[in-house]
Amino acid sequence: MRRPLVAAGLLVVPAAVLTASVAAHPEPAPTPPTGPATAERAPRPGDLVRGAAFGASMPDVVGYDPAADVLVAQPQARTELAGLDAHTGAQRWRRPLDAGGALGTVLWAQSDLSGGSVLVNTFHRDTKAGELTALSTRTGEVRWRMPLTTRTTAMAAGPAVLVAEPAQQASPMRWATAPDKADKPETPKPRAGRPDRMVFGPQAAPPRAQPGRARLGAGDDGAEAAARTTPTPGTINALAAGDGGRLWSAELPDGCDLRAAAGDGRTVAVRLACADGDRLELREARGGKLRAAAELDPEADDGGLGLLVRDGATLVRGTRTFSVFGPGGKRLVERSGDGCAEFCDLAVEGGVAVVAQSGGASDHTDGALEAFALSDGKQRWRAERTVRVLVREGGRLYAVGPAPAPVPFMAVSGVAEDGPSASYATALPATATAQPGSALLVRDGGELAWYRIRPVPRPAGYLGGAAQRPDPCKVLPPAELRDRFAGKPVTAQRDGDATCTLSSPKTTLRVDVLWAGTDEAQAIQRYRMMGNADAKRFGTVVVAVTPQKSSSMRP
């Protein structure tokens, strides 16, 4: 069985064709190249093949560690953490977060657990002290810890963690109550140089890990937890999640706080809240070299947390705005009045940055898939479709999201530098949700299940493979019409590509095409899967026939 891969924080499982007896067992593998599509690698739609599935006793999945083959999850109350076998769901370890006078919360945006640690911010009620704790994803034991003052901010950034300590007591953001006098740090010495100057001296750095230990990848669990010291005031430090070793340190501009962070192992994006406005810094993940800096509108953000880094590119998300920066730090797009209402994703494919916008929770029609040239930021193409995640499997990029209404299944489109393929309606219900950071770990009812994407070589057509989109006003055969309308004349009003209203003086029906294909066996399977009392199958077309209240009905 071929091994799965982890790319840009998204998990894909390129195993052989899976049956009930051959389960997907996620393990790490190298990331394939992501060059531009060729004639041989033209975009094809994909089908989702179900692999290992198990009951989800803890519904909130924090993230996945591919090396340990462990999912880290929480209950809805978020009072504890557990490590689950990613193949069977069996509990490997369990750790309370609210016990002994201490309350722990998982750092935000930790879907990438490839560093081998899950990071917890702990507050001790009796001493009023804070602590950053790294728990092993394999065992749940403490790997390293760092004391936090009330002015320290810690945020996950992919396989790293950023820890910042403002230089001044007064700052534009207050994440905790003011420190006690005994807790107050010494006044830092004046610093020379530019705000973005890198600081590698011992005064600015926490103790180093052992040589070769400070890395983004997973580290070995030590017999005793390593102790790290709080960063020097006025600095921002990137630490390896695996062992807490310092990757780099930089000065934090006066009057600024760390507001948000994101990373993918290549690029770290840092959003700073400063007295004169918000700033974005894009840095090299391992060495901290500043690639680019930009001013941001503090009013046009997503609660300060709207950062996403994929394939080295960065997306800054607002409530209805977004900006895209290329891998080199160049601002490609600045969009107002249009953005990610619910889900958002980003990928680099050849010479373009692909942005997926899902649309709103109640209105998926405003979703879009767009590509912008890395060279000049110009829009290369746009497709009106709802996309929840972008997944790379077998070197191909795919867009996964609900099929156009009223089709009740998830759809998969191939995505290339020059555009997407037609959608293919999979057997996965449209209501299923992909867990954050693990695109093919899907919650379907009370289960978690792994899926892989298999290319579907078929001509472009309607969802399911039909040669052309069936007319919803003509899918009911004459015998069905006579039975439904008692032989009365029927008028038809087409309400969209897949919906039609049929009416007579006393009867009104809405007909929705739910699925259409060329294979009757697949049509029978889809019909049985829907379990909808209104669903009817006519050959290779499955429709929903729903009675409506007719305004023209006579007494």
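Remember, it's a predicted structure, so these values are computed and weren't measured experimentally.

A. Structural context of the overall build of the protein. Along the protein, the regular secondary structure elements total two helices and 42 strands. Going through the 555 residues of the protein one by one, you find that 53% of them count as buried. Looking at the protein alone, contacts between residues at least 24 apart form 53% of all its contacts between residues at least 6 apart. Surface exposure of the protein reaches about 24,100 Å², of which carbon and sulfur atoms provide 51%.

B. Highlighting the confidence of the model for the protein. Per-residue pLDDT for the protein averages 78, and the proportion of residues at 70 or more is 77%. The low-confidence segment residues 1-39 (pLDDT under 50) makes 99 contacts with residues lying over four places distant or belonging to another chain. The low-confidence segment residues 170-219 (pLDDT under 50) makes 107 contacts with residues lying over four places distant or belonging to another chain.

C. Region of interest: the side chain of threonine 235. Looking at the element boundaries, threonine 235 is found in strand S16 (residues 235-240). Engagement of the side chain of threonine 235 in a polar contact is seen with the backbone oxygen of threonine 232, the distance being 2.6 Å.

D. Just the environment of valine 407, in detail. Here valine 407 is to be found in the loop between strand S31 (396-402) and strand S32 (409-416). Take valine 407: its relative accessible area is 4%, and that puts it in the buried class. Once the C-alpha coordinates of valine 407 and valine 513 are considered, the two residues, 106 residues apart in sequence, prove to be 7.0 Å apart. Aside from chain neighbours lying at most four places away, what touches valine 407 is Ala425, Tyr462, Leu463, Val513 and Leu514.

E. Focus on the state of the cysteines. What the rule picks out here adds up to two disulfides. Two residues, cysteine 256 and cysteine 274, share a disulfide whose sulfurs are 2.0 Å apart. Between cysteine 256 and cysteine 274, the disulfide has an S-S torsion of 110° and is therefore right-handed. Note that cysteine 256 is positioned in strand S18 (residues 256-263) and cysteine 274 in strand S19 (residues 267-274), a separation of 18 residues in sequence. Exposure remark for cysteine 274: the relative accessible area of 6% places this residue in the buried category. Across a sulfur-sulfur distance of 2.0 Å, cysteine 473 and cysteine 500 are joined as a disulfide pair. Judged by the sign of its S-S torsion, about 100°, the cystine formed by cysteine 473 and cysteine 500 is right-handed. In this pair, cysteine 473 sits in the loop between strand S37 (447-455) and helix H1 (478-485) while cysteine 500 sits in strand S39 (residues 499-503), placing the two residues 27 residues apart along the sequence. Judged by its relative accessible area of 21%, cysteine 473 is partly exposed.

F. A look at the sheet that holds strand S27 (residues 352-357). Reading across from one edge, S26-S27-S28-S29 is the order of the four strands in this open sheet, with antiparallel pairing throughout. Each edge of the open sheet is held by one strand with a lone partner, namely strand S26 (344-349) and strand S29 (379-383). Going from strand to strand, the sheet's axes swing by 15° on average, the running direction of each strand aside. Pairing between S27 and strand S28 (residues 368-373): six bridges, direction antiparallel. Looking at S28, one finds that glutamine 357 is bridged to alanine 368.

G. Quick look at the pattern of salt bridges. Enumeration according to the criterion identifies 25 salt bridges in this entry. Salt-bridge contacts for glutamate 447 lead to arginine 50; the nearest nitrogen and oxygen are separated by 2.6 Å. Of the two residues, glutamate 447 sits in strand S37 while arginine 50 sits in strand S3 (residues 46-55), which places them 397 residues apart along the sequence. Given a relative accessible area of 31%, glutamate 447 falls into the partly exposed group. The partner of arginine 510 in a salt bridge is aspartate 512, with the nearest N and O atoms 3.0 Å apart. Taking the relative accessible area as the measure of exposure, arginine 510 reaches 30% and is therefore partly exposed. We classify aspartate 512 as buried; its relative accessible area is 6%. Residues joined by salt bridges that share partners form a network here, namely Arg335, Glu370, Arg382 and Glu384.

H. Broad picture of the sheet that holds strand S40 (residues 508-516). Taken in spatial order, the five strands line up as S38-S39-S40-S42-S41 in an open sheet, and their pairing is antiparallel. Taken across any chain shown, the strands that pair with only one partner, and hence form the sheet edges, are strand S38 (491-494) and strand S41 (535-538). Across the sheet, the axes of successive neighbouring strands diverge by a mean angle of 30°, strand direction being ignored. Bridge count between S38 and S39: four bridges; the pairing is antiparallel. Counted as the bridge partner of arginine 494 is cysteine 500 from S39. Against the sheet, H1 touches S39, S40, S41 and strand S42 (541-548), its axis set at about 50° to S39. The sheet strands contacting helix H2 (residues 520-530) are S40, S41 and S42, and the helix crosses S41 at an angle near 170°.

The rules we used
- Residues numbered from 1 in each chain as written.
- Predicted model: local features only at pLDDT ≥ 70, side-chain atom pairs only at ≥ 80, totals over all residues.
- Heavy atoms only, no water.
- Helix = DSSP H or I, 4+ residues; strand = E, 2+ residues; numbered from the N terminus.
- Buried < 20%, exposed > 50% of the residue type's maximum accessible area, 1.4 Å probe, protein only.
- Contact = heavy atoms within 4.5 Å.
- Areas by Shrake-Rupley, 256 points an atom, 1.4 Å probe, with all protein chains shown as cover.
- pLDDT = per-residue confidence, 0-100.
- Polar contact = N/O pair within 3.5 Å; in protein donor to acceptor, adjacent residues only side chain to side chain.
- Disulfide = S-S within 2.5 Å.
- Pairing = 2+ DSSP bridges.
- Axes fitted to C-alpha atoms, helices over the stretch in contact; angles between N-to-C directions.
- Salt bridge = Lys/Arg side-chain N within 4 Å of Asp/Glu carboxyl O.

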